[in-house]
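Residues per chain, in single letters:
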Amino acid sequence: MNIQKILPACAVAMGVALVMATSAFTKAPTNKSGDTLYTFQYNAPSGMHPYSQANVENVANWSYTTSTSCNGVNVEACGLQVPESYVDDPIGSPTLDASIDISATESSSNVAYVSGTAAGSNATISNKSN
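First, a word on scope: everything that follows refers to the structure included in this document. What you see is a predicted model; the values in this text were computed from it and never measured. (Residues numbered from 1 in each chain as written. Predicted model: local features only at pLDDT ≥ 70, side-chain atom pairs only at ≥ 80, totals over all residues. Heavy atoms only, no water.)

### Focus on the sheet that holds strand β8 (residues 124-128)
Here 4 strands make up an open sheet; going across it, the order is β2-β1-β3-β8 and the pairing antiparallel. Looking along the sheet, the strands with just one partner apiece sit at the ends: β2 (62-65) and β8. Along the sheet, successive strands turn relative to each other by an average axial angle of 25 degrees, direction set aside. Bridge count for strand β1 (residues 37-42) against strand β3 (residues 76-83) is 5 bridges, and the pairing is antiparallel. Directly across from Thr 39, in β3, lies its bridge partner Gln 81. (Pairing = 2+ DSSP bridges. Helix = DSSP H or I, 4+ residues; strand = E, 2+ residues; numbered from the N terminus. Axes fitted to C-alpha atoms, helices over the stretch in contact; angles between N-to-C directions.)

What follows is the structure, given as structure tokens:
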């Protein structure tokens, strides 16, 4: 066999293996205090007024995700990054703990965005335009 033909294929295979191995150890996002952050996205329920203040403040309408597509405009609720202390079952199936105490503010009639949480500056709030 010609080693000049095998060497490039081995290099490519090794590069792919290295990328796969290091991606498994990507560090989770943290806040200024060093707490691991978990990202949640607002899932508007069906029915009347899906972005109402009551719906936005209901932790059952938020689901764990790896990223959100929020644009930072305070019109509709979109995403939250919260420390692990506000997350139930962080290793298995992360859900928001009721202690997060989401506060929502109406930007227009029955359309609300997240204006605060019990986590204060340890959480990141991301809203969006409608």
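After that view of the structure, there is still more to cover.
### Side note on the state of the cysteines
Per the stated rule, a full pass over the model turns up 1 disulfide. Each sulfur in the disulfide pair Cys 70 and Cys 78 lies 2.0 Å from the other. Sign of the S-S torsion, about -90 degrees for the bond between Cys 70 and Cys 78, identifies this disulfide as left-handed. Of the residues examined, Cys 70 reaches a relative accessible area of 23% and is grouped as partly exposed. (Disulfide = S-S within 2.5 Å. Buried < 20%, exposed > 50% of the residue type's maximum accessible area, 1.4 Å probe, protein only.)

### Considering unusual backbone geometry
In the Ramachandran plot, Asp 89 falls in the positive-phi region, its phi being about 50 degrees despite a non-glycine side chain. As for its placement among the helices and strands, Asp 89 is situated in the loop between β4 (87-88) and β5 (95-96). Relative accessible area serves as the criterion here: at 43%, Asp 89 is assigned to the partly exposed category. The residue Asp 101 is not glycine, and still its phi comes out positive at about 45 degrees. Tracing the backbone through its elements, the reader meets Asp 101 in the loop between β5 and β6 (103-108).

### Thoughts on the pairing of β6
Here is the key point about a regular strand: its side chains alternate between the two faces of the sheet. Summarising the sheet, β6 and strand β7 (residues 111-116) pair through 5 bridges and their orientation is antiparallel. If you follow Ser 108 over to β7, its bridge partner there is Val 111. From the end of β6 to the start of β7, which pair antiparallel, there are 2 residues, and Asn 110 there has a positive phi angle of about 60 degrees.

### What about the environment of Gly 120?
Positionally, Gly 120 belongs in the loop between β7 and β8. Sequence separation of Gly 120 and Val 82 is 38 residues, and the distance between their C-alpha atoms is 9.5 Å.

### With respect to the packing of aromatic side chains
Tallied over the entire structure, the rule returns 4 aromatic pairs. When the centroid spacing of 6.2 Å and the interplanar angle of 50 degrees are considered together, the rings of Tyr 38 and Tyr 64 count as tilted. Residue Tyr 38 is found in strand β1, and its partner Tyr 64 is found in strand β2; the two are separated by 26 residues along the sequence. Owing to a relative accessible area of 40%, Tyr 64 belongs among the partly exposed residues under this scheme. Ring plane angle 55 degrees and centroid distance 5.2 Å describe the contact between Tyr 42 and Tyr 51, whose orientation is recorded as tilted. Residue Tyr 42 shares its accessibility class with Tyr 51, and that shared class is buried. By the ring-pair criterion, three or more aromatic residues cluster together here, those being Tyr 38, Phe 40 and Tyr 64. (Phe/Tyr/Trp six-rings, centres within 6.5 Å; stacked < 30°, edge-to-face > 60°.)

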